[in-house]
Amino acid sequence: MNIEVRLFMQFRKYLPVGAKENKAIVSLKEKATVDDLLNTLGISEKEQKLLVINGVSQGASGEGSCHALKDKDVVLIFPPVGGG
Amino acid sequence: MGGWLGKILRVDLNSGDFDVEDLGPDFARKYIGAQGTASKILMDEIDPTIDALSPENKLIFSTGPCTGTGTVCGSRAVWVAKSPLTGGIAFSNTGAYFPSEVKFAGYDMIIVEGKAEEPAYLWIHNNEVELRSARELWGKTVSETEQFIRAEIKNDLVAQDTRIACIGPAGENLVRMSAIMNDLNRAAGRCGIGAVMGSKNLKAIAVRGTGGIPIAKPQEFQAAVAKALAEVKASPVASQAFPMLGSSSLINLYNAVGVLPHKNFRAMNVEGAAKISGEAIAEGFLVRNRGCYACPLACGGPCRVTNAPFAGKGDRPEYETNWIAASCGIYDPAALLKFNALCNELGLDTIDTGSTIACAMELAEKGYLPEKDVGLALKFGDGEALVNLTKQIAYRQGFGDLMAEGGYTMAEKYGHPELFIHVKKMAWTGYDVRNVKGMAVNMATSVRGACHNRGYTPAAEILGMPVKLDPLTIEGKADLVKTLQDEIAGIMDAGGICLFSITGQSPPTMFEQLETVTGLEITFQDAAKAGERIWNLQRLFNLRAGITKEQDAIPKRFFEEPATDGPNKGRALDPQEFETMLKEYYALRGWSSATGYPTKEKLLELGLEEYVSLLPN
C-alpha cells in the first residue's frame, strides 16, 4: 500500500530521494503500522514527534505509533510545537 | 515580602500632579498583582457605565510580583481600563523590557487619571516624575516617537537605557482597535487600550530605573529558577520550536487538523497556508531571533523583506497575526510581514484590524458592501488592500473611519453583524471551534471578549499537553476551561509570567518561583483561588457595565455552516452540546443561570463580600 507522508521542520532531513517539497509517497507492506513507516524513513523512536494521521492530531507524547495504516492514508510528522 | 516594591505611582493628568501610594501586603496577597490588583482598583474607582473614552476612565499599568525578578519568562505586565471596543473591562498584556524597567524605577503600578490639556508624555527616572509636552510628538509613528523621546533625554547613557511605551497615530485617532506599543514592536494590542491612552492626550510613558527588586527567599528562588530552566531545556517546544519558528510554528499543524481559519472562518484547510507558516517566515525573512527580559524561548526577532511592493523591515509576527493573512485569503508572506510592521508602527491590534478587513471582504463578496463606499473592489486575497485599509483605519481616512469603530459596528451598518466573527464585539482569534469543543466554551466565557489566552484548551485537545484529549467530545471540557482560566489568571497573568512559557515550565514550577519571590505563604490552590477571585471580579465589572450573560455566546456560523474542507468537512458545532457545556461551566463557576451573576455564596467564598450588595435581587 502507498502512504503519503509530509515532514515538517527538522524532520525534512528524512525525506526520501526524489521527494517534492516536504511530501513523499512511501510503499509499505499490508497491515503496516506507523512505527513501520517511521522505520522505513529512518526516524528514531527517541525523537519526540507529533503525528497527524488523516487530519487527526495524535498528541505530542508519541501516541499513534501503533496505528495500523491503510492504503492512501496521509501521515504528517511534526516535532512538538506550541504557541497561540 | 519580596517581588513587590509596594508602591503605586498615581498621575493626575488634569493637574499634572502625582502621588506615590502604598500597595498594602494584604491587597497583594489577595489579588497577587498585574491584572488582579489593577482590576480591583478599576472596579472600586470607576463607574463601569462611563464612556470609555471620557476623562473619567482610568488607565492602569500593572506589573506582577515576578516581573523583572529573573523568574523564567517573568517579563510581563498588563494595561487595564474600561474598553472602548467592548464596553467591558479591558486588559491587554505585554512583555519585552518596559514592564521590568517600571519596577526598576520603583513602582508596581502606574495609575493614569483625567486628561491632559495638551498632548503630553510621562517621564519617569526613579523618583523623578515629570509630565512633558508631546505637542511635537502628536502624529508621529511608534519608531519616530521612540527616537524623539530618546533625543530629548540629555544624558546619553540614560537615553540609551530608557524603555518606552507609546501609542501611534491609531491611538491618537481613538481607533477602537488601537494598541499601546512598547520597546518598538511589542503590543498590548487588544480591547482598544491604545484609544484610552489617546483619549487622555497621553502619547507615551518613558522610564529609566536603576533600583533592585527584593526577593523574599533568595536561595529557594534560585533553586526554583534553575528547575524552571531545566524544564524549558528539556521541552522541545520551548527550547526548539519557539526559538526557531516563534508562536507561528502552529500554522502548518492547525491547518492540517482543520483548525486554522481561512476567509473569515469559511475554510479550514488550504494548501497555501504553508507560505505564511512559521517555517516560511523563519527561512525566508527572519534575520535572527530575540527574546524578552529573562526569556530563554526568544520567539521574536527582526525580519526583512527585500522585494517590492512590500519591501521593508519589521518583526516576526505571532501566530495570531499569521492567521489573519489566511482569514483575508492572502498567502503572501511579504504582505503578511508588511501588515504586521504597519500595525506595530501605527499602533494597531493585528487581530481586530485584520478581522475587520476580512469581514469587509466577505461583505463585499456577498454584495452587501458597495464598491463606492470602500473606494476599491475589495476581494479576498488582495494583499495591497490589506495594507492600504490598515493605514486608512489608523488615520481614519475614507472607509477606514467606519472600520476604526470596530468590525461589529461596520458589519451592523451594512445589515449583517453576524458576518463579524466576535464575542462581546471583540474579534475572534485564530481558532475554528467547529471541532475543538472546549475552545468554544472558553471563547464564549472569556471576560474581555473573544480571547484564546486563558482557557487554552487546544493545548490538550490538539497538542496533547499535558495529556491528549479528544477535541470532538464535550465531557470534562467545562471543567478544563475553568481550571485553566483560574490557574492562568492567578499564577501567570497576575504573577507577570509569559503564557508561552507553559510549553516549558509547568504551572507548579512557576508557582514555586512566585512563592519564593514573594514569600507569600500560600499554596498552589490558593493562587488558583486568587485567579478565580480575579475572574469573578472582572465578570462583575462587565455585568455592571451592561454586558449580559446573553453575550456569553459564539457566532452562529460555527453551528449553521459546516466545515467546507479538511479533515472535519461536513461537521459543525452542535448547539445542544454547546449549551450543555455552558450550563456545566456556570454550575462549576457558581454563577446563576438566570442572571449570569456570581451567587452570594460564591462571592463570600472568594472573600468578595464587599460586592454582595451589587447582586440583583
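Just so we're clear, the structure is a prediction, and the values are computed from it rather than from any experiment.

Peer 1: Before we move on, can you summarise the sheet that holds strand 2 (residues 18-22) of chain B with the specific residues and values?
Peer 2: Residues and elements named next belong to chain B. Pairing in this open sheet of six strands is mixed, and the strands run 2-1-6-3-4-5 from one edge to the other. Two strands lie at the open edges of the sheet, namely strand 2 and strand 5 (89-94), each paired on one side alone. Each strand of the sheet is rotated relative to its neighbour by a mean of 20°, with strand direction disregarded. The sheet contact formed by strand 4 (residues 77-82) and strand 5 spans six bridges and is antiparallel. What sits directly across from A77, in strand 5, is T94.

Peer 1: Talk me through helix 2 (residues 35-45) of chain B; I want residue IDs and the actual numbers.
Peer 2: In terms of burial, helix 2 of chain B is a largely internal element, eight of the 11 residues being buried. Here helix 2 of chain B has its buried residues at B:Q35, B:G36, B:T37, B:A38, B:S39, B:K40, B:I41 and B:L42.

Peer 1: Lay out the pairing of strand 6 (residues 109-113) of chain B in plain terms, naming residues and giving numbers.
Peer 2: All names here are of chain B. The buried fraction of strand 6 is high, at five of five residues. Residue alternation in strand 6 divides its side chains into two sets, M109, I111 and E113 and I110 and V112, and both sets are buried. Across five bridges, the pairing between strand 1 (residues 7-12) and strand 6 is parallel. Note on strand 6: the bridge partner recorded for L9 is I110.

Peer 1: Which residues make up the packing of helix 21 (residues 477-495) of chain B against helix 22 (residues 507-518) of chain B, and what values go with them?
Peer 2: Residue and element names in this part refer to chain B. Interaxial distance between helix 21 and helix 22 falls to 10 Å at its minimum, and their mutual angle equals 50°. As summarised for this structure, helix 21 and helix 22 are arranged oblique, according to the angle between their axes. Remark: the crossing between helix 21 and helix 22 carries left-handed chirality. Packed against helix 21, whose contacting residues are E487, I491, M492 and G495, the element helix 22 presents P507, M510, F511 and L514 at the interface. Here the contact of helix 21 with helix 22 is built from residues that sort into six nonpolar, one polar and one charged.

Peer 1: Could you give an account of the confidence of the model for chain B, naming the residues involved and the relevant values?
Peer 2: Residues and elements named next belong to chain B. This prediction gives chain B a mean pLDDT of 97; 100% of its residues lie at or above 70. Across chain B, the secondary-structure element scoring lowest on mean pLDDT is helix 1 (residues 25-31), at 87, and the one scoring highest is helix 7 (residues 193-199), at 99. Model confidence for the complex: the whole-complex pTM is 0.98, and ipTM, which rates the interface, is 0.97.

Peer 1: Give me the lowdown on the domain arrangement of chain B, citing residues and values where you can.
Peer 2: Residues and elements named next belong to chain B. Each assigned domain of chain B is listed with its residue range as follows: domain 1 (7-208), domain 2 (218-427) and domain 3 (442-565 + 572-614). The distance between the C-alpha centroids of domain 1 and domain 3 comes to 26 Å. Each partner contributes to the interface: domain 1 provides 38 residues, whereas domain 3 provides 31 residues. Contributions of two or more residues to the side of domain 1 that touches domain 3 are made by helix 1, helix 2, strand 4 and strand 5. Ranked by the residues each element gives to the side of domain 1 that touches domain 3, the list is headed by helix 2, at six residues. Grouping the constituent residues of the side of domain 1 that touches domain 3 by class yields 15 nonpolar, 17 polar and six charged.

Peer 1: Any details on unusual backbone geometry? Residues and values, ideally.
Peer 2: What you tend to see is this: most non-glycine residues have negative phi, and most peptide bonds are trans. Cis geometry marks the peptide bond from B:A308 to B:P309, where omega comes out at 0°. For B:P309, the position within the fold is in the loop between strand 13 (302-305) and strand 14 (312-315). With omega at -5°, the peptide bond leading from B:M465 into B:P466 counts as cis. Position of B:P466 among the secondary structure elements: in the loop between helix 20 (458-463) and helix 21. The phi angle at A:K72 is positive, at roughly 75°, despite the residue not being glycine. Mapped onto the elements, A:K72 comes out in the loop between strand 4 (56-57) and strand 5 (74-78). At B:A34, a position not held by glycine, the phi torsion is positive, near 40°.

Peer 1: Quick rundown of the interface of chain B and chain A? Include the residues and the values.
Peer 2: Facing the 26 residues of chain B at the interface are 20 residues of chain A. Only helix 9 (236-245), helix 10 (250-256) and helix 20 of chain B provide two or more residues apiece to the side of chain B that touches chain A. In terms of residue class, the side of chain B that touches chain A is made up of 14 nonpolar, 10 polar and two charged.

Peer 1: Could you give me a rundown of the pairing of strand 3 (residues 59-63) of chain B, with the residues and numbers involved?
Peer 2: Residues and elements named next belong to chain B. Burial runs high along strand 3: five of the five residues are buried. With four bridges connecting them, strand 3 and strand 6 associate as antiparallel partners. Bridge pairing in strand 6 links S62 to M109. In this sheet, strand 4 lies alongside strand 3 in antiparallel orientation, the contact comprising four bridges. Looking at strand 4, one finds that I60 is bridged to V80.

Peer 1: Could you give me a rundown of the nonpolar core, with the residues and numbers involved?
Peer 2: With 231 residues, the main nonpolar core has B:I60, B:A81, B:I110, B:Y121, B:A360 and B:A440 as its most contacted residues. Sequence-distant contacts of B:I110, that is, excluding residues within four places in its chain, are made with B:L9, B:V11, B:F61, B:V102 and B:I205.

Peer 1: Go over the sheet that holds strand 11 (residues 186-188) of chain B with me, naming the residues and quoting the values.
Peer 2: Residues and elements named next belong to chain B. With respect to topology, six strands assemble into an open sheet ordered 8-7-12-9-10-11, the strand pairing being mixed. In this open sheet, the two strands that pair with only one neighbour each are strand 8 (128-133) and strand 11. Pairs of neighbouring strands in the sheet enclose a mean axial angle of 20°, with direction left out of account. Direction of pairing for strand 9 (residues 163-166) relative to strand 10 (residues 180-182): antiparallel, over a ladder of two bridges. In the sheet register, C166 faces strand 10, and the bridge partner there is M181.

Conventions used here
Residues numbered from 1 in each chain as written. Chains lettered and ligands numbered in written order. Predicted model: local features only at pLDDT ≥ 70, side-chain atom pairs only at ≥ 80, totals over all residues. Pairing = 2+ DSSP bridges. Helix = DSSP H or I, 4+ residues; strand = E, 2+ residues; numbered from the N terminus. Axes fitted to C-alpha atoms, helices over the stretch in contact; angles between N-to-C directions. Buried ≥ 20, exposed ≤ 12 C-beta atoms within 10 Å, placed from the backbone. Parallel < 35°, antiparallel > 145°, perpendicular 65-115°, else oblique. Left-handed = near helix turned anticlockwise from the far one by under 90°. Contact = placed C-beta atoms within 7 Å. Nonpolar A, V, L, I, M, F, W, Y, C, P; charged D, E, K, R; others polar. pLDDT = per-residue confidence, 0-100. Domains from an automatic or database assignment. Core = buried A, V, L, I, M, F, W, Y, C linked by C-beta atoms within 7 Å.

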